[in-house]
Amino acid sequence: QVQLVESGGGSVQTGGSLRLSCAASSLALEYYAVGWFRQAPGKEREQVSCIRNSDGNTLYSDSVKGRFTISWDRVSNTVYLQMNKLKPEDTAVYYCAANGYLDCSGSTPSNYWGQGTQVTVSS
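Residues numbered from 1 in each chain as written. Predicted model: local features only at pLDDT ≥ 70, side-chain atom pairs only at ≥ 80, totals over all residues. Heavy atoms only, no water.

Trainee: Any chance you could explain the state of the cysteines here in plain terms?
Mentor: Here a disulfide denotes a covalent bond joining the sulfur atom of one cysteine to the sulfur atom of another. A complete count under the given rule lists two disulfides for this structure. Between the sulfur of Cys22 and that of Cys96 lies a disulfide, 2.0 Å long from S to S. When the S-S torsion is 70 degrees, as for the bridge of Cys22 with Cys96, the disulfide is right-handed. Taken together, the residues span a long stretch of sequence, with Cys22 in strand E3 (residues 18-25) and Cys96 in strand E9 (residues 92-99) at a distance of 74 residues. What makes Cys22 buried here is its relative accessible area of 0%. When its relative accessible area of 0% is taken as the criterion, Cys96 is described as buried. Put simply, Cys50 and Cys104 are joined by a disulfide, and their sulfur atoms are 2.0 Å apart. Residues Cys50 and Cys104 are joined by a disulfide whose S-S torsion is about -75 degrees; by sign, that bridge is left-handed. Residue Cys50 is located in strand E5 (residues 46-52), and its partner Cys104 is located in the loop between E9 and strand E10 (112-113); the two are separated by 54 residues in the primary sequence. (Disulfide = S-S within 2.5 Å. Helix = DSSP H or I, 4+ residues; strand = E, 2+ residues; numbered from the N terminus. Buried < 20%, exposed > 50% of the residue type's maximum accessible area, 1.4 Å probe, protein only.)

Put into structure tokens, the structure is as follows:
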């Protein structure tokens, strides 16, 4: 069974850091574009980062550029999102998703989604 599991969320103060993990089972992430999305209460889900593992190209939304870094580890088949200089507006549930179209644009639906991990940033 294909499964994506997010972990690493938690509660931090403004300026703190967290590293989110997206561990995959029964699929090799190197064959997918893997995106990180977040959804805050009352807001639409937005893509904050993406990595196309076939060539290593990465993408960041303007709101997180310079603060977040996406990466992946082949051995553990895991995609990470290092989040630094966190702000209260980063508070959301964060999801990872694997896109078989190798698409980081967000214009095509992802094949698989995790259940999310909560990130809370206090003032």
